[in-house]
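The residues making up each chain are set out below.
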Amino acid sequence: QVQVVESGGGLVQPGGSLRLSCEVSGSIFSRYAWGWYRQAPGKQREFVASISRSGSSRNYADSVQGRFLISRDTGKSTVYLQMNWLKPEDTAVYYCNAVPADPGYWGQGTQVTVSS
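Residues numbered from 1 in each chain as written. Predicted model: local features only at pLDDT ≥ 70, side-chain atom pairs only at ≥ 80, totals over all residues. Heavy atoms only, no water.

(A) Region of interest: the pairing of strand S8 (residues 78–83). The buried count for S8 comes to 5 of 6 residues, which makes it a mostly enclosed element. Where strand S3 (residues 18–24) meets S8, 6 bridges bridge the pair, whose relative direction is antiparallel. From the neighbouring strand, cysteine 22 faces S8, where its bridge partner is valine 79. Relative to S8, strand S7 (residues 68–73) runs antiparallel, the two sharing 6 bridges. The partner of isoleucine 70 across the bridge, within S8, is leucine 81. Counting the residues between successive antiparallel strands, the hairpin from S7 to S8 contains 4 residues, one of them, serine 77, with a positive phi of roughly 50°. (Buried < 20%, exposed > 50% of the residue type's maximum accessible area, 1.4 Å probe, protein only. Helix = DSSP H or I, 4+ residues; strand = E, 2+ residues; numbered from the N terminus. Pairing = 2+ DSSP bridges.)

(B) Broad picture of the nonpolar core. Grouped together as the largest cluster of nonpolar side chains are 30 residues, with contacts concentrated most on Trp34, Trp36, Val79, Leu81, Met83 and Tyr94. Looking at this core, the elements with two or more residues in it are S3, strand S4 (33–39), strand S5 (46–51), S7, S8, strand S9 (92–99) and strand S10 (110–114). (Core = buried A, V, L, I, M, F, W, Y, C linked by side-chain atoms within 4.5 Å.)

(C) Broad picture of the layout of surface pockets. Here the largest pocket defines a volume of roughly 170 Å³. Along its surface, the largest pocket is lined by 13 residues, and Arg38, Lys43, Glu46, Glu89 and Asp90 are the ones closest to its centre. Taken together, the residues that form the lining of the largest pocket break down as 2 nonpolar, 4 polar and 7 charged. (1 Å grid on protein atoms, 1.4 Å probe; cavity = no way out; pocket = protein on both sides within 12 Å on 5 of 7 lines; lining within 4 Å. Points joined across faces, edges and corners; volume = space filled by probe spheres on them. Nonpolar A, V, L, I, M, F, W, Y, C, P; charged D, E, K, R; others polar.)

Listed below in structure tokens is the structure:
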């Protein structure tokens, strides 16, 4: 059974940084590209960033390009999202999932709140 557990969220001031982690249990991690997604209150879930199976290719939403960095550690079955220069509009629950997303792999997410 696959478990996806996100962590690292919190409350941060505008301009601050956070590093999110997503640990994937089971033996599936290396089979997929992985991505981060987010859902703000009253909005649909949206794509944030993705990283290929090898880690050599990354893609970002325009809204986070240049501020966020996605990485993965296959030995730890973990994908990371380094978020810098955070803005209030980055406030959301952040999730990770395979790319394309699998309905069975959604975790509980981690809340990120950017506010002064």
